[in-house]
Amino acid sequence: MAWEFKSGLPIYQQAAEMVQMRIIKGSYPRGSRLPAVRDLAMEAGVNPNTMQRALLLLEEKGIVYSQRTAGRFVTEDAQLLELLKYRIASEQVLSFVKRMDELGYGQDELEALIRRVLEE
């Protein structure tokens, strides 16, 4: 997953979301050590202070935790990560359904459209 930042949201929030997505998809498995702040910052092309702020945001959510001398680690709480994954997916589905409703698709039509597109 490339580090692509957009205007509108602060960079540290976008970086936090990108690290969070990497955790959810398993690039950083439960209980694993995250790369050092400087390494993540260099990879993302941001200031280390920006990445530090992003990781602090994830710590506040309980997604990562710090061990003083060992670095930061991904939570081992599988239930928390599944809930996070569900929430993100739900937001995407609701956004999609809302846009399809604006186009005039009812539930039956939307289900048929999804089936047809997946079969192609």
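Thresholds, definitions, all that
Residues numbered from 1 in each chain as written. Predicted model: local features only at pLDDT ≥ 70, side-chain atom pairs only at ≥ 80, totals over all residues. Heavy atoms only, no water. Salt bridge = Lys/Arg side-chain N within 4 Å of Asp/Glu carboxyl O. Helix = DSSP H or I, 4+ residues; strand = E, 2+ residues; numbered from the N terminus. Buried < 20%, exposed > 50% of the residue type's maximum accessible area, 1.4 Å probe, protein only. Arc of directions from axis to C-beta. Contact = heavy atoms within 4.5 Å. Patch = residues over 30% accessible without salt bridge, like charges linked within 9 Å, V, L, I, M, F, W, Y side chains within 5 Å. Areas by Shrake-Rupley, 256 points an atom, 1.4 Å probe, with all protein chains shown as cover. Core = buried A, V, L, I, M, F, W, Y, C linked by side-chain atoms within 4.5 Å. Phe/Tyr/Trp six-rings, centres within 6.5 Å; stacked < 30°, edge-to-face > 60°. Pairing = 2+ DSSP bridges.

**Student:** Before we move on, could you go through the pattern of salt bridges and cite the residues and values that matter?
**Tutor:** Per the stated rule, a full pass over the model turns up three salt bridges. Two residues, Arg22 and Glu43, come together in a salt bridge whose shortest N-O distance is 2.8 Å. Of this pair, Arg22 sits in helix H1 (residues 11–25) while Glu43 sits in helix H2 (residues 37–44), placing them 21 residues apart in sequence. By relative accessible area, Arg22 is classed as buried at 7%.

**Student:** Which residues make up the environment of Gln107, and what values do they have?
**Tutor:** Within the element layout of this structure, Gln107 appears in helix H5 (residues 107–119). Taking the relative accessible area as the measure of exposure, Gln107 reaches 60% and is therefore exposed. Residues Gln107 and Arg68, spaced 39 residues apart in sequence, show a C-alpha to C-alpha distance of 52 Å.

**Student:** Explain H2 residue by residue, including any values.
**Tutor:** Of the residues making up H2, those classed as buried are Val37, Leu40, Ala41 and Ala44. Within H2, the buried residues cover an arc of 100° as seen down the axis, which keeps them to one side. Turned more than 90 degrees away from the buried face of H2, the exposed residues are Arg38 and Met42. Packed against the buried residues of H2 are helix H3 (48–60) and strand S2 (71–74). Once H2 ends, the next one or two residues include Gly45, with phi positive near 75°.

**Student:** Provide a residue-level description of a nonpolar patch on the surface, including the pertinent values.
**Tutor:** Nonpolar side chains collect at one region of the surface, where Val93, Phe96, Val97, Ile114 and Leu118 lie side by side and expose about 440 Å² of accessible area between them. Listed by contribution, the elements that provide at least two residues to the nonpolar patch are helix H4 (78–102) and H5. For the nonpolar patch, the element with the most residues is H4, which contributes three residues. Given a relative accessible area of 36%, Val97 falls into the partly exposed group.

**Student:** For the nonpolar core, give the residues involved together with the corresponding values.
**Tutor:** If you look at the biggest cluster of nonpolar residues, it comprises 25 residues, and the most contacted ones within it are Trp3, Ile23, Met51 and Leu55. Contributing elements (two or more residues each) for this core: H1, H2, H3 and H4. At seven residues, the largest contribution of residues to this core is made by H1.

**Student:** Tell me about the packing of aromatic side chains, and name the residues and values.
**Tutor:** A complete count under the given rule lists two aromatic pairs for this structure. Between Tyr65 and Phe73 the ring centres are 5.8 Å apart and the planes differ by 25°, which places this aromatic pair in the stacked class.

**Student:** Before we move on, can you summarise the pairing of S2 with the specific residues and values?
**Tutor:** Examined bridge by bridge, strand S1 (residues 64–67) and S2 share four bridges and lie antiparallel to one another. Paired with Gln67 across the bridge in S2 is Gly71. Here S1 hands over to S2 after three residues, the two strands then running antiparallel side by side.

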